[in-house]
Amino acid sequence: MDNIGIKTYGKRKTWHGLGTVLVAVSFAFMFHKCFGCGESSTQIQQLYYGSGFTFACGIAVYLLMWLLLHLAGSKVDSLGPGDDKAFSYLSMIVIGIGLASSLVFHCVVKESCQYVQLDNSQTEDPVELRDKLAVNLETKQRTILSWFTLKRFYLVGLMYMFTRIAINVPQVYLPLYLTSSLLLNKKSIAYYPLVMLICSVLGCFLTRPLTKFGGKRVTYVCGAVLVIGSAFWFMLQSKDNPNPTYGATAMIGVGSSIMLILSLSMTADLIGDHTDTAAFVYGSMSLVDKLSSGAIIALIQHYHPSKCTSGSCESSDRYYRYTMSVLPGTAALLGAVATIVLSGFLGKSPSDHKKLENNTEE
């Protein structure tokens, strides 16, 4: 990947631009009626600040969702096909803002093209050129295949996968839990997730002081405990008085934010100085995350009691209660276990790097 792209424009910006176009095109079809159909579609530097801005963007989307349901949605309280315009408007607004932001990024931000300078070796000072080549040769000893020999690579991958499952499943099924299990009106799908994201931003700011006090792994386990506690809360929450659900959404917001930030931070620790293959490491984590989350959601949909309609079937109520409790809670528990096991490899980091170098030399 790093060797592909428009050199004068920037390799990373080239791929970023391609990704922007693909996301915009695919996202445009998610909340619009399909052509010829009558029903709407159903469906690291600065890690702390980066995650904070990510959650802040989610807050803006849910505020916009609440406003659109009020202005463009149907007059009934339950969510239905009559609300398709609200989701269509939301997708168009989000795509427009995203494309405009990406355009500003590509016009304003200049990528450093240091790789171009190596082609002009005749104008370089021989000593400087030798030092650059020495650094490159040392860096290239870290190959992609050598990562597969490290146990820490698999442990961090498992930790990141379970973290994303603990985050993705509640984000997808919280609206269905609210409308089917607690029988809340359609506007609840905006302000309950909004509370969760606001608390996620709070978790971003809490992560740094907590990490300084107890360390990354202890803080990660604390975040996992919050997610597990919210899972029990979702299971036991009564539909007669749904207001305490705000507490569960707040807990899972703070806990999942802490878990996500620290999982990314520990991934960066795993990479260390091997930045030449950092894209492969992050890409591997993301691939496992997408595959596992997609498979779990597909299984959830496959075993859903499809004969039941929202708000009228007791088995549907129980199904979403189990979905919002068993899956995130189990994923958080397994993520904490992977982190505890990973702590046993803390003292092995230097030997891991030594092993990495020996394997590449062989």
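Residues numbered from 1 in each chain as written. Predicted model: local features only at pLDDT ≥ 70, side-chain atom pairs only at ≥ 80, totals over all residues. Heavy atoms only, no water.

**Here we look at the overall build of the protein chain**
Logical step 1: From N to C terminus, the protein chain includes 13 helices and zero strands.
Logical step 2: When the helices and strands of the protein chain are read in sequence order from the N terminus, they spell out α-α-α-α-α-α-α-α-α-α-α-α-α.
Logical step 3: For the protein chain, buried positions account for 40% of its 362 residues.
Logical step 4: When the accessible surface of the protein chain is summed, it comes to about 19900 Å², and 67% of that surface belongs to carbon and sulfur atoms. (Helix = DSSP H or I, 4+ residues; strand = E, 2+ residues; numbered from the N terminus. Buried < 20%, exposed > 50% of the residue type's maximum accessible area, 1.4 Å probe, protein only. Areas by Shrake-Rupley, 256 points an atom, 1.4 Å probe, with all protein chains shown as cover.)

**Describing empty space enclosed by the protein**
Logical step 1: If you add up the space inside the largest cavity, you get close to 70 Å³.
Logical step 2: Mapped by element, the contributors of at least two residues to the lining of the largest cavity are helix H7 (151-181), helix H8 (188-214) and helix H10 (245-271).
Logical step 3: With four residues, the single largest contributor to the lining of the largest cavity is H7.
Logical step 4: Taken together, the residues of the lining of the largest cavity sort by class into seven nonpolar, three polar and no charged. (1 Å grid on protein atoms, 1.4 Å probe; cavity = no way out; pocket = protein on both sides within 12 Å on 5 of 7 lines; lining within 4 Å. Points joined across faces, edges and corners; volume = space filled by probe spheres on them. Nonpolar A, V, L, I, M, F, W, Y, C, P; charged D, E, K, R; others polar.)

**Let's talk about the packing of H7 against H10**
A pair of packed helices is captured by two measures, namely the crossing angle of their axes and the spacing between those axes.
Logical step 1: Their axes nearest at 10 Å, the elements H7 and H10 cross at an angle of 155 degrees. Here H10 runs roughly antiparallel to H7, going by the angle between their axes. Seen along the crossing, H7 lies across H10 with a hand that is left-handed.
Logical step 2: Among the residues making up the contact of H7 with H10, the classes are represented as 16 nonpolar, six polar and three charged. (Axes fitted to C-alpha atoms, helices over the stretch in contact; angles between N-to-C directions. Parallel < 35°, antiparallel > 145°, perpendicular 65-115°, else oblique. Left-handed = near helix turned anticlockwise from the far one by under 90°.)

**Topic: the pattern of salt bridges**
Logical step 1: Applying the stated criterion across every chain yields a total of five salt bridges.
Logical step 2: Here Lys 290 ties to Asp 289 by a salt bridge, and the two come within 3.2 Å at their closest N and O atoms.
Logical step 3: Judged by relative accessible area, Asp 289 falls into the buried class, the value being 1%.
Logical step 4: A salt bridge links Asp 317 to Arg 321; the shortest N-O distance between them is 2.9 Å. In this pair, Asp 317 and Arg 321 are both assigned in helix H12 (residues 314-343), four residues apart and thus about one turn of the helix distant. This pair shows no difference in class: Asp 317 is buried, exactly as Arg 321 is. (Salt bridge = Lys/Arg side-chain N within 4 Å of Asp/Glu carboxyl O.)

**Quick word on helix H3 (residues 84-108)**
Logical step 1: Counted at 1.5 Å a residue, the expected span for H3 with its 25 residues is 36 Å, and the 36 Å between its end C-alpha atoms agrees.
Logical step 2: Every buried residue of H3 is accounted for by Asp 84, Ala 86, Ser 88, Leu 90, Ser 91, Ile 95, Ser 102 and His 106. (Expected span 1.5 Å × (residues − 1).)

**So, the packing of aromatic side chains**
Logical step 1: Evaluated as defined, the whole model comprises ten aromatic pairs.
Logical step 2: Here the aromatic rings of Phe 153 and Phe 280 are separated by 6.2 Å at their centres, their planes lie at 10 degrees, and the arrangement is stacked. Residue Phe 153 is found in helix H7, and its partner Phe 280 is found in helix H11 (residues 278-302); the two are separated by 127 residues along the sequence.
Logical step 3: Phe 280 sits in the partly exposed class, given a relative accessible area of 21%.
Logical step 4: Residues Tyr 319 and Tyr 320 carry aromatic rings whose centres are separated by 6.0 Å and whose planes lie at 75 degrees to one another, so their mutual orientation is edge-to-face. Each member of the pair, Tyr 319 as well as Tyr 320, is classed as buried.
Logical step 5: Taken together, the ring pairs in this structure connect Trp 147, Phe 148, Phe 153, Tyr 154 and Phe 280 into an aromatic cluster. (Phe/Tyr/Trp six-rings, centres within 6.5 Å; stacked < 30°, edge-to-face > 60°.)

**Brief notes about the side chain of Ser 188**
Logical step 1: Within the fold, Ser 188 resides in helix H8.
Logical step 2: For Ser 188, a relative accessible area of 0% corresponds to the buried category.
Logical step 3: Sequence-distant contacts of Ser 188, defined by excluding residues within four places in its chain, comprise Leu 178, Thr 179 and Pro 193. (Contact = heavy atoms within 4.5 Å.)

**With respect to unusual backbone geometry**
Logical step 1: Phi is positive for Leu 183, which is not a glycine, with a value near 60 degrees.
Logical step 2: Position of Leu 183 relative to the elements: it lies in the loop between H7 and H8.

**A look at H7**
Logical step 1: Given a rise of 1.5 Å per residue, 31 residues ought to cover 45 Å, and the 42 Å separating the end C-alpha atoms of H7 matches this to within 8%.
Logical step 2: The sharpest bend along H7 measures roughly 45 degrees and falls at Tyr 173, with the proline Pro 175 sitting one to four residues further on.
Logical step 3: For H7, a buried count of 24 out of 31 residues is recorded, marking the element as mostly surrounded by other parts of the structure. (Bend = angle between axes of the 7 residues up to and from the residue.)

**So, the packing of helix H9 (residues 216-236) against H10**
Logical step 1: In contact at an axis separation of 8 Å, H9 and H10 are set at 150 degrees when each is read in the N-to-C sense. Here H9 lies roughly antiparallel to H10, going by the angle between them. Note that H9 runs across H10; the crossing there is left-handed.
Logical step 2: For the contact of H9 with H10, a count of residues per class yields 14 nonpolar, eleven polar and three charged.

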